[in-house]
Amino acid sequence: MTNSIQEIKGTDAMFIIGSNTSENHPVIGAIMKQAKKAGAKMIVADPRRIEMAEYADVFLQLKPGTNIALLNGLMHVIIEKGLQADSYIDEKTENYEELKRLVKDYTPERVAEICGVDAQDIIDAATIYGEAGKAGIYYTMGITQHTTGTHAVMSISNLALLCGNVGIESAGVNPLRGQNNVQGACDMGGLPADLPGYQKVFKPEVLDKFQDSWGSKLSNKVGLTITEMFKAIEEDQVKFLYIMGENPMVSDPDTNHVRKILDHVDFMVVQDIFLTETAEMADVVLPAAAFAEKDGTFTNTERRIQRVRKAVEAPGEAKADWIILMDIMNRMGDETRYLNPAIIMEEIASLTPSYGGVTYKRLETESLQWPVPDQNHPGTKFLHKTAMARGRGLFMPVEHVESAEITSDEYPLILTTGRILYHYHTMTMTGREDGLNKLAPSSYVEINEASANKLGIENGDRVKIYSRRGELETTALVTDIIEEGVVFMPFHYTEGKANILTNSAIDEIAKIPELKVAAVRVEKA
Amino acid sequence: MNTVKLTINGKQYEIEKGTFVLKACSDIGIDIPTMCHDERLVPSGSCRLCQVEVEGWGKLHTACTTQVKEGMVIHTHSEKVVKARQDLLDMLISNHPLDCLTCESAGACKLQDLCYEYGITEGTYRWEMSKPYYDDTNPFYTFDASKCILCGLCVRVCDELQGTNAIGFENRGFETLVATPFGEGLENSTCVSCGNCVSVCPVGALEPRSKMKFRQWEIETTRTTCSYCGVGCQMDLKTKNNRVVGVEPAFDAHNEGLLCVKGKFSYNFLSHPDRLTMPLVRKDGVLVETTWDEAYNVITSKMKQTKEDFGSDSFAGLTSARCTNEDNYMFQKMFRSTLGTNNVDHCARL
Ligand code: SF4
Ligand code: SF4
Ligand code: SF4
Ligand code: FES
């Protein structure tokens, strides 16, 4: 997030797109509802009539895969009505004319057609966003899990720049990160081209700094992304796979394909708290301590670095992940011993400019949002304040293109996937909570009444779903929160696992698979 | 002038205009009892326990709804005030089952604490107890109407902060009850089991279910960060005998005392029998338990062999959006420094 969670309370308008906030980020959802009560306007765009839609001033129930068209349409209306922030655009941005030229063709009527929404609603939404003094955009996987995900993110940033919403309080461009420490995993260099703090592996000065500190020779060759790793395993380039705390057998698209790959790899180590579907396929499984059993830090979606503290002992011989990794490194000849995570953080701070001022001592009394360049820096509530003051916002106009997979006679429906309130990711934790299983016991597919009628399906019927990659059986939930032609499945469950059906076609830039759009056929089982 | 001068318990103070008397007193270290007050909510003035005496203002005034005024002379613990509070507590306790021996909230109950502070040993009002009504349809918490003191905090939190509006007051007056619309039970209401009402209930009327019995004074608390979603709510884990038995939200953090169903109630996976407790290695096709030493040996000899035979880029690692920053740092350091490859990614593109 460019801005902070608490800033939502001070906003004039919220634009929630591709985020089922009240289920996936419930406390942010609650704070958005507080802001709405206090008088802020709300626009929601989603293929399903999610709970947030009930609070919205304008709800746009768009077809999956048409985000960019909608965003371009909104910008078209804003420029048409003269609601853009002219002086901000003049002083602080580049490439505006190009954007103006591109969105000219995205008339509300044309966009309404592409997205399957009402033209007037597009005009109303654009007016709300354009007229608001401070407006924030909030999005999640509904934007990114498309082959055009990166372009959609650019499009969002175009909209924010157009109305001067970058670099000011209570506004901004705010991706809500799904898993608790995605932000931290990326910050710490869990990326093939990035050392901690997004310092590029191919920059000699960066490499020198890390080589000096670590006392080892580092590679300057950009590594493989997860999708490329899987391909390299198939091609026998990668022989040894080490997975810490992830369960790609359930979370990744095209499960049958993932199984083949994990079967194929020469040697696999999995480190986790449970024997997950992925761990079951490993050669060595290492028992890890859970969050309540170790010390450390997580970085939340608003870049806030917060302490995790040990409250109980890990069961049996399970150990904290960092200890396991240190043990292995020691046995491989790197003698560095860290007494505790506070000392690891000292090393992180010394090598990572944005974490430069972070210490466990400070975290006892303060909570810090990066960048925190030094000991005396208070942290950063919202980003781009100074950058925008110097004028650096670049418009990157993008055209709408169709999703990688489109419907056909054989696969006439669009399947979109997501999370639900009562479960988390691959359910290794929540699936072991009786109460949650009572509230959300098993996999289902949401299907519109008209679609169901045509197929002779009634609420509660067992149905079979086929895609070009696989098939599964699940239960039909006939509902009016979803429109004709679209069906929705939560991806958490192992039985009736949605990712058997999903498409692993990826966005060429961010390498994110298109989990939000797959063509399927539904039949009564 | 943005401040007013006033006298509280015989001392002069200068306080910012618009401040409520309750806040002014707590800022200068005077403790006024409250039952329905919550800084995050619009003051309701319903429990009346916070009432104070203001010279020349006639009857007592509730400190949580009264703003400071120039020249006010306030007494927070005068005889009249204390007597009024005792009377209110007497009324509350007369209508409350004295179940403290078995009540899970004993030790963390405001009614108990205040009766102790104000020397109330029993209720002297004799009237019929409120009708028993017990709702145990929610899998995570229970509601016992006989213990409810009608402070309204739960209803206001669900409405003003959580924005769900699943509960409200029914049958206003003597028979008032906190209930779900149409009295259909929490299970059939719009309740999303966030537990934010449970966290604010000052007595034992709303209680979390716990798999383990414990007394409030037996537990230790540890401040930590929720491990589910990226909101990163701050919370206190309540533990007894090396087991997490409950979770309370942090009020002094960005989540401002709120949690969701996962953060508040889904902690039993920690002590689930399925947890991995020993390293496993595959022998003759099956995973069998082993020692750390053997597991490490298998891994490192394979690492050395692979590096020798196929080079550094034949390793690939998936780091975790679930693990700490320090775990992630160590993981990529192992790959980059020890194994010599940048083949590190995570699954969080998903
Ligand atoms: S658990 Fe949450 S939603 Fe349910 S009644 Fe309480 S505050 Fe409302
Ligand atoms: S249930 Fe608890 S919080 Fe709600 S009104 Fe009764 S005493 Fe107050
Ligand atoms: S309590 Fe809920 S909203 Fe808060 S971090 Fe945990 S999962 Fe997210
Ligand atoms: S706290 Fe003031 S009336 Fe209840």
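Each chain has its residues counted from 1, following the order in which its sequence is written. Numbering of ligands from 1 and lettering of chains from A proceed in the order in which they are written. Local features are withheld for residues below a pLDDT of 70 in this predicted model, meaning they are given only at 70 or higher, and side-chain atom pairs are given and counted only at 80 or more; totals for whole chains, interfaces and linings count all residues. Computation of side-chain values covers all heavy atoms of the structure but excludes hydrogens and water.

Let us look at the overall build of chain A. Strands here mean DSSP runs of E at least two residues long; helices mean DSSP runs of H or I at least four residues long; both are numbered from the N terminus. Looking only at helices and strands, chain A has 21 helices and 21 strands in total. Taken along its principal axes, the extent of the C-alpha atoms in chain A is 65 × 60 × 45 Å. When burial is assessed residue by residue, chain A has 65% of its 525 residues classed as buried. Partitioning the intrachain contacts of chain A with sequence separation of at least 6 by distance along the chain shows that 68% fall at a separation of at least 24. Every accessible area reported is derived by Shrake-Rupley at a probe size of 1.4 Å, with residue values counting cover from the shown protein chains alone. Just so you have it, chain A exposes about 18,700 Å², and 48% of that area is on carbon and sulfur atoms. For this count, His and the chain ends are skipped, Lys and Arg are scored as positive, and Asp and Glu as negative. A charge is said to be at NZ when it belongs to Lys, at CZ for Arg, at CG for Asp and at CD for Glu. Of the charged side chains in chain A, 53 are positive and 75 negative, and the gap between their average positions amounts to 4 Å. Any residue under 20% of the maximum accessible area for its type is buried, any over 50% is exposed, and the rest in between are partly exposed; the area is computed with a 1.4 Å probe on protein chains only. Here, two residues are considered to be in contact whenever any of their heavy atoms come within 4.5 Å of each other.

A tally of helices and strands in chain B yields eight helices and 17 strands. This radius of gyration counts C-alpha atoms alone. The globule rule is 2.2 Å times how many residues there are, raised to the power 0.38. Here chain B has a C-alpha radius of gyration of 28 Å; the compact-globule value for 350 residues is 20 Å, and the former is much larger. Overall, the C-alpha framework of chain B stretches about 90 × 55 × 35 Å when taken along its three principal axes. The buried share of chain B, taken over its 350 residues, is 59%. When contacts within chain B are restricted to residue pairs at least 6 apart in sequence, long-range pairs at least 24 apart make up 56% of them. As presented, chain B carries roughly 14,900 Å² of accessible surface, and 51% of it is formed by carbon and sulfur atoms. Between the averaged position of the 37 positive side-chain charges in chain B and that of its 45 negative side-chain charges there is a distance of 2 Å.

All names here are of chain A. As for its placement among the helices and strands, S19 is situated in the loop between β1 (13–17) and α1 (21–24). Classification of S19 as buried rests on a relative accessible area of 2%. Taking C-alpha positions, S19 is 22 Å from E399, a pair spaced 380 residues apart along the chain. Once residues lying within four places of it in the same chain are set aside, the contact partners of S19 are D46, I50, Y138, Y139, T140 and L176. Within the structure, the side chain of S19 is placed 2.8 Å from the side chain of T21, a separation counted as a polar contact. For the purposes of these results, a polar contact is taken to be a pair of N or O atoms within 3.5 Å, where, inside protein, one atom must be able to donate a hydrogen and its partner to accept one; residues adjacent in sequence count only when each atom of the pair is a side-chain atom.

Mapped onto the elements, K310(A) comes out in the loop between β13 (304–308) and α16 (321–331). Using a relative accessible area of 37% as the deciding quantity, one classes K310(A) as partly exposed. Separated by 55 residues in the primary sequence, K310(A) and T365(A) place their C-alpha atoms 17 Å from one another. Each residue touching K310(A), except ones within four places of it in the same chain, is listed here: A292(A), E293(A), K294(A), D295(A) and T222(B). Here the side chain of K310(A) touches E313(A) through a polar contact of 3.2 Å, side chain to side chain.

A word on the domain arrangement of chain B. As far as domains go, chain B holds domain 1 (3–77), domain 2 (130–209), domain 3 (212–275) and domain 4 (280–349). Averaged C-alpha coordinates put domain 3 of chain B and domain 4 of chain B at centres separated by 31 Å. Domain borders in the structure are assigned automatically or taken from a domain database.

The next thing to look at is the packing of helix α7 (residues 108–115) of chain A against helix α8 (residues 119–131) of chain A. Residue and element names in this part refer to chain A. It is the contact of α7 with α8, at a shortest axis distance of 8 Å, that shows an interaxial angle of 110 degrees. Of the possible angle classes, the one that applies to α7 and α8 is roughly perpendicular. α7 and α8 meet at a crossing whose hand is right-handed. Where α7 abuts α8, its residues P108, E109, V111 and A112 lie against A119, I122 and I123. For the contact of α7 with α8, the residue count by class is six nonpolar, no polar and one charged. Angles shown run from 0 to 180 degrees and are taken between the N-to-C directions of axes, each axis being a line fitted to C-alpha atoms and, for helices, limited to the stretch in contact. Here is the rule for angles: anything less than 35 degrees is roughly parallel, anything more than 145 is roughly antiparallel, 65 through 115 is roughly perpendicular, and the remaining ranges are oblique. It is the rotation of the near helix from the far one that decides the hand of a crossing: anticlockwise by less than a right angle makes it left-handed, clockwise makes it right-handed. For this classification, Asp, Glu, Lys and Arg are treated as charged, while Ala, Val, Leu, Ile, Met, Phe, Trp, Tyr, Cys and Pro are nonpolar and the rest, including Gly, are polar.

Residues and elements named next belong to chain A. According to the domain assignment, chain A contains domain 1 (6–176), domain 2 (182–369) and domain 3 (413–524). Listed as interface residues are 22 residues of domain 1 and, on the opposing side, 24 residues of domain 3. Counting the surface lost from both domain 1 and domain 3, the interface buries some 1,900 Å², and carbon and sulfur atoms represent 54% of this. Each reported salt bridge corresponds to a side-chain nitrogen of Lys or Arg within 4 Å of a carboxyl oxygen of Asp or Glu. Linking domain 1 with domain 3 are two salt bridges, by the criterion used here. With its nearest N and O atoms 3.7 Å apart, the salt bridge here joins R49 to D480. Counting only elements with at least two residues in the side of domain 1 that touches domain 3, the list comes to α1, α9 (141–144) and α10 (149–162). Buried area: the accessible area, evaluated with a 1.4 Å probe, that two parts lose upon being put together, summed over both parts.

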